[in-house]
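# A closer look at the structure
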Amino acid sequence: MTFSFALREPSAIVDFMSTETDAVAAADLELISHELCPYVHRAAIVLREKGVPYRIRYIDLKAKPPWFLAVSPRGKVPVLVAGGVPIFESAVIVEYLDETHPPHIVPASPLERARHRAWAEIVSDLLVQQWKLMVAASAADRETARRNVVDLLQRFEPEVRGPWFAGDALGIVDVAIAPAFFRFDYLDRWWNLGLYEGLPNVGAWRDRLVARPSVRETVIDGFEEKLRAYVAQL
Ligand SMILES: N[C@@H](CCC(=O)N[C@@H](CS)C(=O)NCC(=O)O)C(=O)O
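Residues numbered from 1 in each chain as written. Predicted model: local features only at pLDDT ≥ 70, side-chain atom pairs only at ≥ 80, totals over all residues. Heavy atoms only, no water.

### Some points on the pattern of salt bridges
Evaluation of the coordinates by the stated rule reveals 18 salt bridges. The closest approach of N and O atoms between Arg212 and Glu49, which form a salt bridge, is 2.7 Å. Of the two residues, Arg212 is situated in the loop between helix H9 (200–211) and helix H10 (213–216) and Glu49 in helix H3 (residues 38–50); the sequence distance between them amounts to 163 residues. For Glu49, a relative accessible area of 30% corresponds to the partly exposed category. A salt bridge links Asp151 to Arg155, with the shortest nitrogen-to-oxygen separation between them at 2.8 Å. Of this pair, Asp151 and Arg155 both sit in helix H7 (residues 139–156), four residues apart, roughly one helical turn. For Asp151, a relative accessible area of 32% gives the class partly exposed. Taking relative accessible area as the criterion, Arg155 reaches 45% and is therefore assigned partly exposed. A cluster of three or more residues bridged by salt bridges with shared partners is formed by Asp28, Glu30, Arg55 and Arg57. (Salt bridge = Lys/Arg side-chain N within 4 Å of Asp/Glu carboxyl O. Helix = DSSP H or I, 4+ residues; strand = E, 2+ residues; numbered from the N terminus. Buried < 20%, exposed > 50% of the residue type's maximum accessible area, 1.4 Å probe, protein only.)

What follows is the structure in structure tokens.
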């Protein structure tokens, strides 16, 4: 199924482009997606934040179509097909979109950029633990994953400047972690995980991020029910 998000006139986007190739890519972006995937969510958030028009195509990861395997060397979503060229890995997609569509969310300073990328890696650890929470086969396994999540969130507590990770501007760490926060809200509600207790900075950061339209409005309708059904069959 293909959906269209025409948020801004393509001509407005093309104005930003520095090369003909990028102009083609901007005019024709397709996000290959899975309905619940947090990594896809990152790409969708950036596209929405920047007002970039794109199409989205959902696939069944349990029955990957041959055309998908041909464009996704790791067999994973997201893939952003930009002007016919497949780009994979969410962090790479985010940076590609940032290079081609201002305003920039990747810091210009090499040191700050490195710091943000490093913290985005910690977010990847967090997503691994979120997955472990969802697949936990026993209360003990779930508790281990919960503790690991809290341990990772604690590391962010002294780092968050507010309102966003690095201060006044939304950045790549915010984009990386927003899908995790969004999903934790459901897991927390179902399982009473108490993830943000004693973490006022992270808790307030989480509140602001999940309230952001680019985060809330880039998931499928009925997200919670679908997530619950998905988790139940893991
Ligand atoms: N490091 C990748 C992770 C992407 C990922 O794990 N995607 C999952 C869905 S959320 C996937 O496609 N899994 C299919 C598989 O591993 O077969 C990224 O950041 O894009």
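Here the narrative resumes.
### Digging into the site of the ligand
Around the ligand lies a shell formed by Cys37, Pro38, Tyr39, Leu61, Lys64, Gly75, Lys76, Val77, Pro78, Glu89 and Ser90. Separating an oxygen atom of the ligand from a side-chain N or O atom of Lys76 is a distance of 3.2 Å. One of the side-chain nitrogen or oxygen atoms of Ser90 is found 2.6 Å away from an oxygen atom of the ligand. In isolation the ligand offers 520 Å² of accessible surface; the protein chains occlude 72% of this area. Counted by class, the shell around the ligand contains six nonpolar, two polar and three charged residues. (Near = heavy atom within 4 Å. Polar contact = N/O pair within 3.5 Å; in protein donor to acceptor, adjacent residues only side chain to side chain. Areas by Shrake-Rupley, 256 points an atom, 1.4 Å probe, with all protein chains shown as cover. Nonpolar A, V, L, I, M, F, W, Y, C, P; charged D, E, K, R; others polar.)

### Looking at unusual backbone geometry
Pro103 follows Pro102 through a cis peptide bond whose omega is 0°. Within the secondary structure, Pro103 sits in the loop between helix H5 (90–100) and helix H6 (110–135). For the peptide bond that leads from Gly162 to Pro163, omega is -5°, which places it in the cis range. Along the polypeptide, Pro163 turns up in the loop between H7 and helix H8 (172–191). In this structure, Glu89 is a non-glycine residue whose phi angle is positive, near 80°.

### Details of the confidence of the model for the protein
Per-residue confidence for the protein averages 90 on the pLDDT scale, and 88% of its residues sit at or above 70. Contacts of residues 1–21 to residues separated by more than four positions or lying in other chains number 40 contacts, the stretch itself having pLDDT below 50. (pLDDT = per-residue confidence, 0-100. Contact = heavy atoms within 4.5 Å.)

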